[in-house]
Amino acid sequence: MGGDWINAVQQLSIPYVLSFYMDYVRDEDEAFSVLRTFHLILALLIIIDIFTMLKYPEGMYATIYTDNWFLGYKTERLVYYLPFMIISAYLDLLNGTRIKARTFLYGLIMIFIFYREAATTAMWSLVLLLIFYLLINYAYKIKLVLKFFKETFNYKFIVVIYALITVGVFSIGNSGIMQYIVINILHKDITLDTRSRIWQSCYMALQGHSWSGLGFLSFIDYQTLTNNPFATSAHNMILQLVMASGLIGLVLYSMFVVISVRKSNLSIINMPVVVGILILLITGVTSSEMIFSTFGFFFYSLILVKSNKKVE
């Protein structure tokens, strides 16, 4: 297909500009001022989104999906909600020693929103996020919790476990264990809502293009490629990367993850950002909303922002 260059520029320009700015800003106060402004803008967008849910309970507008509101459909809004939660915790720790109760309240409200929409992946991602936040508040007081973080935030552990999970999900049709988990624990059909069929179509399209990929594809390209009106993406972060930039792009993205986690040095301020990367990867198993989203690369830049705050 050659890729949709106009769509690529439109979708990727914002995260690249934002990430480059955070990478090269030299003044610490200026960097954190930008973050606070960014946090406020996200808060306003989320408030508008919630208002549209209340005013239009059956959905604000119609597409191939139902129940669309200001920030989109189901997991789409995690693109805005997750950065808001990460920055909220980051600023809390920047100004104190604990993540504040109001950040937990924000998370509970968002969990309820995703529960109402039956957005299972997004809902449980935020539940996991709040559990991590509770642990962060005790990380430097309880040695067992700190040890847990050191093991969990080890880039080798992340890469290996994520690879195993991804392979397990992709091979669900031939894996009795994965089928049991999906059917009896997640209460889903083993097709994962047609995702496995979409993945198969993507595999076939990649034949002969596995190293270079097919270029950046629009949602219309995916619908055409899979002959499925609901297939607006690859519905898997790794597969979306390979479709766009091949195995070369996947290797480069893996380097982002490894370098960012190693750079975090388990600083308490950076812990929410590393958690954000983990949540991004987790949702990426069955969704590709975050990978080329407006803030898809933001966490990797945020973790490199220098802070003079000393934490023992």
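Please refer to the structure placed before this passage.
If you're wondering where the values come from, they're calculated on a predicted model, not measured in any experiment. (Residues numbered from 1 in each chain as written. Predicted model: local features only at pLDDT ≥ 70, side-chain atom pairs only at ≥ 80, totals over all residues. Heavy atoms only, no water.)

Draft legend 1. Unusual backbone geometry, seen in detail. Positive phi values are uncommon outside glycine, yet histidine 235 reaches one of about 60 degrees. Within the fold, histidine 235 resides in the loop between helix H10 (219–226) and helix H11 (237–264). (Helix = DSSP H or I, 4+ residues; strand = E, 2+ residues; numbered from the N terminus.)

Draft legend 2. Just the nonpolar core, in detail. If you look at the biggest cluster of nonpolar residues, it comprises 90 residues, and the most contacted ones within it are Leu129, Tyr133, Ile136, Phe149, Phe153, Met243 and Tyr253. Sort the elements by how many residues they give to this core and helix H3 (residues 78–95) lands first, with 13 residues. Aside from chain neighbours lying at most four places away, what touches leucine 129 is Leu82, Met85, Ile86, Val275 and Ile279. (Core = buried A, V, L, I, M, F, W, Y, C linked by side-chain atoms within 4.5 Å. Buried < 20%, exposed > 50% of the residue type's maximum accessible area, 1.4 Å probe, protein only. Contact = heavy atoms within 4.5 Å.)

Draft legend 3. Here's a closer look at the pattern of salt bridges. As enumerated under the stated definition, the model contains 3 salt bridges in all. For the salt bridge of aspartate 49 with arginine 77, the shortest nitrogen-to-oxygen distance reads 3.2 Å. Pair noted here: aspartate 49 is in helix H2 (residues 28–55) and arginine 77 is in the loop between H2 and H3, with a separation of 28 residues, a long-range link. Like aspartate 49, the residue arginine 77 is buried in the burial classification. (Salt bridge = Lys/Arg side-chain N within 4 Å of Asp/Glu carboxyl O.)

Draft legend 4. Region of interest: the packing of aromatic side chains. For the coordinates displayed, the defined rule picks out 11 aromatic pairs. Measuring from centroid to centroid gives 5.5 Å for tyrosine 81 and phenylalanine 114, while their planes differ by 55 degrees, and the two rings are tilted. Here phenylalanine 114 lies in helix H4 (residues 101–116) and tyrosine 81 lies in helix H3, a separation of 33 residues in the sequence. Judged by relative accessible area, which is 0%, tyrosine 81 ranks as buried. A centroid spacing of 5.6 Å and a plane angle of 85 degrees characterise the contact between tyrosine 253 and tyrosine 300, whose relative ring orientation is edge-to-face. Within this pair, whereas tyrosine 253 is found in helix H11, its partner tyrosine 300 is found in helix H13 (residues 298–302), the two being separated by 47 residues in sequence. Using a relative accessible area of 4% as the deciding quantity, one classes tyrosine 253 as buried. Judged by its relative accessible area of 4%, tyrosine 300 falls in the buried class. Put simply, the rings of Phe132, Phe148, Phe149 and Phe153 touch in pairs and so form one group of aromatic residues. (Phe/Tyr/Trp six-rings, centres within 6.5 Å; stacked < 30°, edge-to-face > 60°.)

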